[in-house]
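What follows is each chain in one-letter form.
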Amino acid sequence: MTIHIGAKSGDIAETVLLPGDPYRAKWAAKTYLSNPKMVNNVRGMLGFTGIYRGEQVTIQGSGMGMPSLSIYVNELIRDYDAKTLIRIGSCGGMQPQVKIRDIILAMTASALSTPSSSIFKELNFAPCADYGLLSAAATAAAHKGSTTHVGGIYSSDAFYDERSDLNEQMTRHGLLAVEMEAAELYNLAARYSRRALAVLTVSDHLQTGEALPAEQREKSFGNMVEIALEAAFS
Ligand code: HPA
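Given the structure is predicted, the values throughout are model-derived calculations rather than measurements. (Residues numbered from 1 in each chain as written. Predicted model: local features only at pLDDT ≥ 70, side-chain atom pairs only at ≥ 80, totals over all residues. Heavy atoms only, no water.)

**Student:** Just to check I follow, could you spell out the layout of surface pockets for this structure?
**Tutor:** One way to see where empty space is left: roll a probe the size of a water molecule over the atoms. For the largest pocket, the calculated volume is near 560 Å³. Around the largest pocket, the lining comprises 27 residues; the ones closest to its centre are Ser90, Phe159, Val178, Glu179 and Met180. When grouped by side-chain class, the residues that make up the lining of the largest pocket number 11 nonpolar, eight polar and eight charged. Volume-wise, the second largest pocket comes out at about 290 Å³. Taken together, the elements giving at least two residues each to the lining of the second largest pocket come down to strand 6 (103-110) and helix 3 (117-120). Counting residues per element, the lining of the second largest pocket draws most heavily on strand 6, which supplies three residues. The residue inventory of the lining of the second largest pocket, partitioned by class, reads eight nonpolar, seven polar and one charged. (1 Å grid on protein atoms, 1.4 Å probe; cavity = no way out; pocket = protein on both sides within 12 Å on 5 of 7 lines; lining within 4 Å. Points joined across faces, edges and corners; volume = space filled by probe spheres on them. Nonpolar A, V, L, I, M, F, W, Y, C, P; charged D, E, K, R; others polar. Helix = DSSP H or I, 4+ residues; strand = E, 2+ residues; numbered from the N terminus.)

Have a look at this one:
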């Protein structure tokens, strides 16, 4: 047990999928894992452990934003020894070729600031994904026939972001999408020598204003879960 996770040691698998939304953790565990058992409900941040193709997997909600994710990932790594951590979540497209429902594999995650920024002092550390996971996810996504983009993303501290000037520069420099968690996940994975990746579904688009209709979110989310699970064990 930790401050924020009620699981007993041994109840958390080495492989952890991290959706922001705890109800998505519940849905994904019940849909893709056999024998899923709830291992956390502290603060309603649900976590489940079950079996995928003979391998133990935990799906734990991370909450929204890097400060929340940082709490769960610190405890998952330091107290439960999680080794492979894959964020599954939604993102906003930032390039014209990136369409609603496309999959984004985040090779790097830029940020104005993260909960780890203070330890880097003047260094602009470049948070990046684990290459093995990234290439396995790209292969899995290709097998599924999902339109997939691999590249840099932006991890923002604000969903209602007033920095349109910054968005323009990021689009100009090729960043594919915006979300709110991956940069800190990659920082922590680097610090503790763990494998991390963010597999994202484009749910809305900053330039076109398009958004995925609520009834289509589940199916699109499912592709992302399958890609993450296949990448973890390939
Ligand atoms: N901004 C930040 N995070 C997001 C977005 C967005 O537009 N869409 C999904 N997650």
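**Student:** What is the right way to look at the site of the ligand in this model?
**Tutor:** The ligand sits among Ser90, Cys91, Gly92, Phe159, Val178, Glu179, Met180, Ser203, Asp204 and Leu206. Note that a nitrogen atom of the ligand is positioned 3.3 Å from one of the backbone N or O atoms of Gly92. A distance of 2.8 Å separates a nitrogen atom of the ligand from a polar side-chain atom of Asp204. If the ligand stood free it would expose 260 Å²; the protein chains cover 89% of that surface. More than half of the atoms belonging to the ligand lie within 2 Å of the grid points that define the largest pocket. Counting only elements with at least two residues in the shell around the ligand, the list comes to strand 5 (84-93), strand 8 (177-179) and strand 9 (195-205). A total of three residues in the shell around the ligand trace back to one element, the largest contributor, which is strand 5. (Near = heavy atom within 4 Å. Polar contact = N/O pair within 3.5 Å; in protein donor to acceptor, adjacent residues only side chain to side chain. Areas by Shrake-Rupley, 256 points an atom, 1.4 Å probe, with all protein chains shown as cover. Sits in = over half its atoms within 2 Å of the grid points.)

**Student:** Would you explain empty space enclosed by the protein in this entry?
**Tutor:** Inspection of every chain in the model, using the stated rule, returns one cavity of 30 Å³ or more. Empty space within the largest cavity amounts to approximately 50 Å³. Residue lining of the largest cavity: Arg24, Gly89, Ser90, Thr201, Ser203, Leu212, Arg217, Ser220, Phe221 and Met224, and that is the complete set. Sort the elements by how many residues they give to the lining of the largest cavity and helix 7 (residues 214-232) lands first, with four residues. Looking at the lining of the largest cavity, its residues break down into three nonpolar, five polar and two charged.

Spatial relationships are all this shows, so hold off on functional conclusions.
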